[in-house]
Amino acid sequence: MEVNFADRMKIVKPSAIRELLQFGANPEIISFAGGYPDPNLFPVEQLRGIFQSAISENGRNVLQYTLSNGLPRLREQLAEKMKREGTACTADEVLILQGAQQGLDLVAKMLINAGDLIITENPTFLGALIAFNPFEPRYKTVPIDENGMVVDELEELLKTTPRAKLLYTTPDFHNPTGVTLSLERRKKLLQLATKYDLIILEDSPYRDLRYQGEQVPSIKSMDTEGRVIYLGSFSKILAPALRIGWAVASKKIVESLGLLKLAADTQTSTLNMFAVSTFLDKCDFDALLLSIRNTYRHKKALMLDTMRGEFPQEVAFTDPNGGLFTWLTFSPGFNAGEFLREKALPLAKVAYVPGATFYPVVQEPNHARMSYSLQSDEQLVEGISRLGEVLRKTGSL
Ligand SMILES: Cc1ncc(COP(=O)(O)O)c(C=O)c1O
């Protein structure tokens, strides 16, 4: 039967890397591709106890429907967490989400008409493009350097382009590059947003993963007009399968997003919200964060040190202060997608994400995203050494 799909399905396509990464299912392959957190950091025992007692002592409540904007206690706890970290907000400015990913979808659904302009960093998070695309936006991009989005270039863009609707940014330990937006640029970004009447979507699921250097205030913390929508997530600091994220925005925006959430999924799992809330109340979250940060600081250093020893000189990579990713830049003319298919997977038995997929408009083929979070120390050294050997033999092209 011919299915008469809506027009928007023309731009909803499986990404090319998905097919490529199926090779990664081979147990011989060491994958640096996914953005998976290290499962050894999941607080399994604590969560087992919490889920067990939630069901045995409180089962008739935690298995029931609840308010679509989220459990009131968890909203309060998140408002307190945000306040402690410098972003003042109240519980009714917090919306609980099915992961930060749902925030990307709902914000686009709330704001974007077909043809509206979204500005992103170049490159940007692929999952955001996947969420935005069904709403048929146009994209303009702003380059990124070691201090995040080059805000002066944003200013040039805003001077010359018709009114943009939304600016999407991942200011803390950016996915895919790992870089962090400087304080000075955050301030300037907010000024520009006010001048050109932009909504900023500040997507910050890695914010708690700073393992070196000083934390930079969130853009939301400097927002006096309600023009910033902040997204946070427990995926990288508790466990992604809980599917718990949150948005912080003005009451008016939270209300609208809440209506869309109700239509999309009625609510986030009562049981999972209760579990996270109990974890925050009863467990030592700071101790968990400390061990997460220590682990990723160590793994990042190990990956970068091994790359320095094993990769050809001309391969450059970012040195992040937090998060899960480093971004590789090869010589111009190198095609990281082709190299993955023809050399890295079959010869080195190593996977990474070719960088081209992170560009909304003009793809740059000479980059790759590598994640240091998932593999053990031994696998990490082994994988980087194998990739280095193939790069050295075949040249980084
Ligand atoms: C920048 C960014 N935003 C959002 C998400 C979605 O996270 P969640 O698991 O909370 O839906 C991710 C996940 O990797 C991400 O890297």
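Residues numbered from 1 in each chain as written. Predicted model: local features only at pLDDT ≥ 70, side-chain atom pairs only at ≥ 80, totals over all residues. Heavy atoms only, no water.

### A closer look at the nonpolar core
Thinking step 1. Counting 70 residues, the largest nonpolar core has Phe234, Met303, Tyr352, Met370 and Leu387 as its most contacted members.
Thinking step 2. The dominant element in this core, judged by the number of residues it contributes, is helix α10 (residues 285-310), at 8 residues.
Thinking step 3. Formed jointly, this core draws a minimum of three residues from each of two domains, domain 1 (7-43 + 287-394) and domain 2 (45-282).
Thinking step 4. Not counting chain neighbours up to four residues away, the residues in contact with Leu387 comprise Phe311, Phe339, Ala344, Ala348, Val350, Tyr352 and Met370. (Core = buried A, V, L, I, M, F, W, Y, C linked by side-chain atoms within 4.5 Å. Buried < 20%, exposed > 50% of the residue type's maximum accessible area, 1.4 Å probe, protein only. Helix = DSSP H or I, 4+ residues; strand = E, 2+ residues; numbered from the N terminus. Domains from an automatic or database assignment. Contact = heavy atoms within 4.5 Å.)

### Topic: the sheet that holds strand β11 (residues 325-329)
Thinking step 1. Read across the sheet, 4 strands follow the order β10-β11-β14-β13 without closing on themselves; strand pairing throughout is antiparallel. This sheet does not close on itself; its edge strands, each paired only once, are β10 (316-317) and β13 (353-354). (Pairing = 2+ DSSP bridges.)

### Concerning the pattern of salt bridges
Thinking step 1. In the structure shown here, the tally under the stated rule is 25 salt bridges.
Thinking step 2. For the salt bridge of Glu382 with Arg386, the shortest nitrogen-to-oxygen distance reads 3.2 Å. Taken together, the positions of Glu382 and Arg386, both in helix α12 (residues 377-394) and 4 residues apart, correspond to about one turn of that helix.
Thinking step 3. Judged by its relative accessible area of 23%, Arg386 falls in the partly exposed class.
Thinking step 4. Linking Glu389 and Lys393 is a salt bridge whose minimum nitrogen-to-oxygen distance equals 3.0 Å. Here the residue Glu389 and the residue Lys393 both occupy positions in helix α12, the gap between them amounting to 4 residues, near one helical turn.
Thinking step 5. Note on Lys393: relative accessible area 68%, which makes it exposed. (Salt bridge = Lys/Arg side-chain N within 4 Å of Asp/Glu carboxyl O.)

### What about unusual backbone geometry?
The phi torsion of most residues other than glycine is negative, and most of the peptide bonds are trans.
Thinking step 1. Along the chain, Asn122 connects to Pro123 via a cis peptide bond; the corresponding omega equals 10 degrees.
Thinking step 2. Secondary-structure assignment places Pro123 in the loop between β3 (117-122) and α5 (126-132).
Thinking step 3. For Asp197, which is not glycine, the phi dihedral falls at a positive 50 degrees.
Thinking step 4. Relative to the elements of secondary structure, Asp197 occurs in the loop between α7 (183-195) and β7 (199-203).

### Quick look at the pairing of β7
Thinking step 1. Buried residues dominate β7, accounting for 5 of its 5 residues.
Thinking step 2. Residue alternation in β7 divides its side chains into two sets, Ile199, Leu201 and Asp203 and Ile200 and Glu202, and both sets are buried.
Thinking step 3. Both strand β6 (residues 166-169) and β7 contribute to a ladder of 4 bridges, which runs parallel. Each residue of the ladder has a partner; that of Leu167, found in β7, is Ile200.
Thinking step 4. In this sheet, strand β8 (residues 228-233) lies alongside β7 in parallel orientation, the contact comprising 4 bridges. Bridge assignment links Glu202 to a residue of β8, and that residue is Tyr230.

### Brief notes about the environment of Ser182
Thinking step 1. Along the chain, the position of Ser182 falls in the loop between β6 and α7.
Thinking step 2. Separated by 177 residues in the primary sequence, Ser182 and Phe5 place their C-alpha atoms 44 Å from one another.
Thinking step 3. Here Ser182 is in contact with Asn147 and Val216, once residues within four sequence places are set aside.

### Digging into the domain arrangement of the chain
Many authors give the size of an interface as the accessible area that is lost as the parts come together.
Thinking step 1. Taken domain by domain, the chain holds domain 1 (7-43 + 287-394) and domain 2 (45-282).
Thinking step 2. Centre-to-centre, using C-alpha coordinates, domain 1 lies 25 Å away from domain 2.
Thinking step 3. Of the residues lining the interface, 33 residues belong to domain 1; the matching set on domain 2 comes to 34 residues.
Thinking step 4. Summing the contributions of domain 1 and of domain 2, the shared interface buries around 3,000 Å²; its carbon and sulfur component is 65%.
Thinking step 5. Sorting the residues of domain 1 by area buried against domain 2 places Pro43, Asn321 and Pro360 first, and these three jointly supply 22% of that buried surface.
Thinking step 6. Counting the contacts that link domain 1 with domain 2 gives 0 salt bridges.
Thinking step 7. Viewed at the interface, domain 2 and domain 1 are joined by 14 residue pairs in polar contact (both at pLDDT 80 or more).
Thinking step 8. Every element with two or more residues in the side of domain 1 that touches domain 2 is listed here: α10 and β11.
Thinking step 9. With 7 residues, the top contributor of residues to the side of domain 1 that touches domain 2 is α10.
Thinking step 10. In the side of domain 1 that touches domain 2, the residues fall into 19 nonpolar, 8 polar and 6 charged. (Buried area = accessible area lost by both parts, 1.4 Å probe. Polar contact = N/O pair within 3.5 Å; in protein donor to acceptor, adjacent residues only side chain to side chain. Nonpolar A, V, L, I, M, F, W, Y, C, P; charged D, E, K, R; others polar.)

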